[in-house]
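Chain residues, written in single-letter form:
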Amino acid sequence: QVQLVESGGGSVQAGGSLRLSCVASGYTSSSSCMAWFRQAPGKEREGVARINLSGGYTSYANSVKGRFTISRDNAKKTVYLQMNSLKPEDTAMYYCAADGSPYGSTWYSGCVFGYWGQGTQVTVSS
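**Q** What am I meant to see in the environment of Ile51 here?
**A** Tracing the backbone through its elements, the reader meets Ile51 in strand 5 (residues 46-51). Put simply, Ile51 and Ser71 are 20 residues apart on the chain and 7.0 Å apart in space, counted from C-alpha to C-alpha. If near-sequence neighbours (up to four positions away) are discounted, Ile51 is found in contact with Ser32, Cys33, Met34, Tyr57, Thr58, Ile70, Ser71 and Arg72.

**Q** Would you mind going over the sheet that holds strand 8 (residues 78-83) with me for this structure?
**A** The strands making up a sheet associate through hydrogen bonds between their backbones, and the pairing can be parallel or antiparallel. Strand order across the open sheet formed by four strands is 1-3-8-7, with antiparallel pairing between neighbours. Two strands close off the open sheet at either side, each with one partner strand: strand 1 (2-7) and strand 7 (68-73). In this sheet, neighbouring strand axes are inclined to one another by 15 degrees on average, regardless of whether the strands run parallel or antiparallel. As defined by bridge partners, strand 3 (residues 18-26) adjoins strand 8 across six bridges and the pair is classed as antiparallel.

**Q** Just checking my understanding: could you explain the nonpolar core for this structure?
**A** Nonpolar side chains in soluble globular proteins tend to be buried together. In terms of nonpolar packing, the biggest core is built from 28 residues, with Leu4, Trp36, Leu81, Met83 and Tyr94 touching the most fellow members. At the level of elements, strand 1, strand 3, strand 4 (34-39), strand 5, strand 7, strand 8, strand 9 (92-99) and strand 12 (120-125) are the ones that each hand at least two residues to this core. Not counting the four nearest positions on each side in its chain, Leu81 is found in contact with Leu18, Arg19, Leu20, Trp36, Val48, Ala49, Phe68, Thr69, Ile70 and Tyr94. Core analysis: the next-biggest nonpolar cluster, separate from the first, contains seven residues, Phe37, Ala97, Tyr108 and Phe113 among them.

**Q** Would you explain the side chain of Glu6 in this entry?
**A** With respect to the helices and strands, Glu6 occurs in strand 1. Buried within the structure, Glu6 lacks any salt-bridge partner; Arg45 is the closest side chain of opposite charge, at an N-O distance of 9.1 Å. One polar contact links the side chain of Glu6 to the main-chain amide nitrogen of Gln118, over a distance of 3.0 Å. Reaching out from Glu6, the side chain makes a polar contact with the backbone nitrogen of Gly119 at a distance of 2.9 Å.

**Q** I keep staring at the state of the cysteines and nothing clicks. Help me out?
**A** Note on terminology: disulfide describes a covalent bond linking the sulfur atoms of two cysteines. Within this structure, the stated rule accounts for two disulfides. A disulfide bridge connects Cys22 with Cys96, and the sulfur atoms are separated by 2.1 Å. Classification of the bridge connecting Cys22 and Cys96 rests on its S-S torsion, roughly -80 degrees, and on that basis the disulfide is left-handed. With Cys22 in strand 3 and Cys96 in strand 9, this pair connects stretches of sequence that are 74 residues apart.

**Q** Help me understand the pairing of strand 7, please; the structure alone is not making it clear to me.
**A** The two faces of the sheet receive side chains in turn, since in a regular strand these alternate between them. Residues Phe68, Ile70 and Arg72 line the buried face of strand 7, whereas the alternating positions Thr69, Ser71 and Asp73 sit on a face that is not buried. Both strand 7 and strand 8 contribute to a ladder of six bridges, which runs antiparallel. Bridge pairing links Asp73 to Thr78 in strand 8. Connecting the antiparallel pair strand 7 and strand 8 is a turn made up of four residues, with Lys77 showing a positive phi of about 50 degrees.

What counts as what
Residues numbered from 1 in each chain as written. Predicted model: local features only at pLDDT ≥ 70, side-chain atom pairs only at ≥ 80, totals over all residues. Heavy atoms only, no water. Helix = DSSP H or I, 4+ residues; strand = E, 2+ residues; numbered from the N terminus. Contact = heavy atoms within 4.5 Å. Pairing = 2+ DSSP bridges. Axes fitted to C-alpha atoms, helices over the stretch in contact; angles between N-to-C directions. Core = buried A, V, L, I, M, F, W, Y, C linked by side-chain atoms within 4.5 Å. Buried < 20%, exposed > 50% of the residue type's maximum accessible area, 1.4 Å probe, protein only. Lys, Arg positive; Asp, Glu negative; His and termini not counted. Salt bridge = Lys/Arg side-chain N within 4 Å of Asp/Glu carboxyl O. Polar contact = N/O pair within 3.5 Å; in protein donor to acceptor, adjacent residues only side chain to side chain. Disulfide = S-S within 2.5 Å.

Structure representation (structure tokens):
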């Protein structure tokens, strides 16, 4: 089992920045891919960014490329999402996810995610 706890969400004006953090605990050696997803009211959950174990490979949704940066500190078992130039359409609940679960069912960017955090709300006002 892997437990994920997100933090760093909040309210910000358009053009502002936020940094989300996700701390992993438990059997983290089973997880190599980590990702951030988001879900806005009335919309499906979507993958935002993904990073591999070493941090040498990242991928992003087209809507956030050039504005968001995913990174990880394996010593701290923490994944970050730096969000710059935020737009109102970035408003959503943001979830951290990890692969390695035998019950994983959400595919994104080559990995299957089955461990989820509780989410952190990001609200961007115009």
